[in-house]
Amino acid sequence: MVTTCASSASTLARRVLTESEHARFKQDGFLTLPGLAPDHDLVAVRTTLATLFENSGRTYGVIDHALDLAPQLKHSLVFQACERIAKELLGPTAAISFDQALYKPPHESIGTRWHQDQAFQGPHRPMNTVHFWIPLQSVNELNGCLHFMRGSHLLGLLPHDQCSPNDPYAITPRQLPPLEIVPCPLTLGDATIHLPLTLHHALPNRTGSIRRAWALLFKPSSKLDALNPLPRLRQLFRTAA
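Presented here is a report on the structure given in the accompanying data block. (Residues numbered from 1 in each chain as written. Predicted model: local features only at pLDDT ≥ 70, side-chain atom pairs only at ≥ 80, totals over all residues. Heavy atoms only, no water.)

Observations regarding the side chain of N143
At step 1: Within the secondary structure, N143 is located in the loop between β5 (130–135) and β6 (146–149).
At step 2: At 3.1 Å, the side chain of N143 forms a polar contact with the backbone oxygen of S138.
At step 3: Reaching out from N143, the side chain makes a polar contact with the backbone nitrogen of N140 at a distance of 2.8 Å.
At step 4: Residues contacting N143, with those up to four places away along its chain left out, are K104, Q137, S138, P204, N205, R206, T207 and R211. (Helix = DSSP H or I, 4+ residues; strand = E, 2+ residues; numbered from the N terminus. Polar contact = N/O pair within 3.5 Å; in protein donor to acceptor, adjacent residues only side chain to side chain. Contact = heavy atoms within 4.5 Å.)

What to know about the pairing of strand β12 (residues 211–220)
At step 1: Within β12, eight of the ten residues are buried, which leaves it mostly tucked inside the rest of the structure.
At step 2: By the bridge criterion, ten bridges tie strand β3 (residues 94–104) to β12 in an arrangement that is antiparallel. In the strand pairing of β12, I96 is matched with F218.
At step 3: Note: β5 against β12, six bridges, orientation antiparallel. Bridge pairing in β12 links P135 to A213. (Buried < 20%, exposed > 50% of the residue type's maximum accessible area, 1.4 Å probe, protein only. Pairing = 2+ DSSP bridges.)

Regarding the environment of E83
At step 1: By secondary structure assignment, the location of E83 is in helix α4 (residues 77–90).
At step 2: Residues E83 and A95 lie twelve residues apart in sequence; the distance between their C-alpha atoms is 7.0 Å.

Topic: the sheet that holds β5
At step 1: Sheet architecture is open: six strands sit in the order β1-β10-β5-β12-β3-β2, paired in antiparallel fashion. Each edge of the open sheet carries a strand with a single partner, namely β1 (30–33) and β2 (61–64). Ignoring strand direction, the axes of neighbouring strands in this sheet form an average angle of 20°.
At step 2: Across the sheet, helix α1 (residues 19–28) is in contact with β1, β5 and β10 (191–194); its angle to β1 comes to roughly 140°.
At step 3: Where α4 meets the sheet, it contacts β1, β3, β5, β10 and β12, and its direction lies at approximately 35° from that of β12. (Axes fitted to C-alpha atoms, helices over the stretch in contact; angles between N-to-C directions.)

Structural notes on helix α2 (residues 39–55)
At step 1: In this model α2 runs 25 Å from its N-terminal to its C-terminal C-alpha over 17 residues, within 8% of the 24 Å that 1.5 Å per residue would give.
At step 2: Listing the buried residues of α2 in full gives D41, L42, V45, T48, L49, L52 and F53. One side of α2 carries all its buried residues, which in axial view fall inside an arc of 145°. Exposed residues on α2 whose side chains face more than 90 degrees from its buried face are H40, E54 and N55.
At step 3: In the core, the buried residues of α2 are packed alongside β2, α3 (66–69), α4, β3, β5 and β12.
At step 4: Downstream of α2 by one or two residues, G57 has phi in the positive range, about 80°. (Expected span 1.5 Å × (residues − 1). Arc of directions from axis to C-beta.)

Thoughts on the side chain of R211
At step 1: Here R211 is to be found in strand β12.
At step 2: One buried charged residue, R211, remains without a salt bridge, the closest side chain of opposite sign being E108 at 7.6 Å.
At step 3: From its side chain, R211 meets the backbone oxygen of G144 in a polar contact 2.9 Å long.
At step 4: Aside from chain neighbours lying at most four places away, what touches R211 is L102, Y103, K104, W133, Q137, V139, N143, G144, A202 and N205. (Lys, Arg positive; Asp, Glu negative; His and termini not counted. Salt bridge = Lys/Arg side-chain N within 4 Å of Asp/Glu carboxyl O.)

Taken by themselves, the reported measurements are silent on function.
Structure below.
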């Protein structure tokens, strides 16, 4: 069965999660966050990331640690909104641990394969993170919005295989569970958040334009909080151990 996440163009000055959203996030392993930041803020982020790509001699691809290259991105409203929600979920020591600019080329044929982010670390290093995915334009099933498998975070880490020796991100589970697939089309200003064990993927970008997105990962920065996240998420993270 395939259902669709709803999105909204409304912008909230200080976005926090409702009790209903907390419950859905715990149950589903992902959540759509409508109206996370205003359009002008996302346009400014897109301009900054475009400069990073120009400096790298590329127009699309992946840039890891964009925040190290452009620290001013931390002053964006969207970053501050994500940081605030991460602290709400993980506790006051939550801090950014990794980020990526993900620019999918036009007329791309492969897409992003189904995977769990925890698979990049393996079974012995639980990530204890929350992952935000922020499109820098409207995204849908034509240009590569994310799809999630509802409740897949409760299965633990599945065995993954490397699909291409030349692409460290090309991994996929050996077998996919028969769970509900939820596509999440978003408008500018919306985002998604998911857990490291949540299965997700994106279809190919079939349009003639680059599909631009920014991914942020937050984790507790103190060792005590990393081992003992808030009760809301403790059960979810324990399945990764």
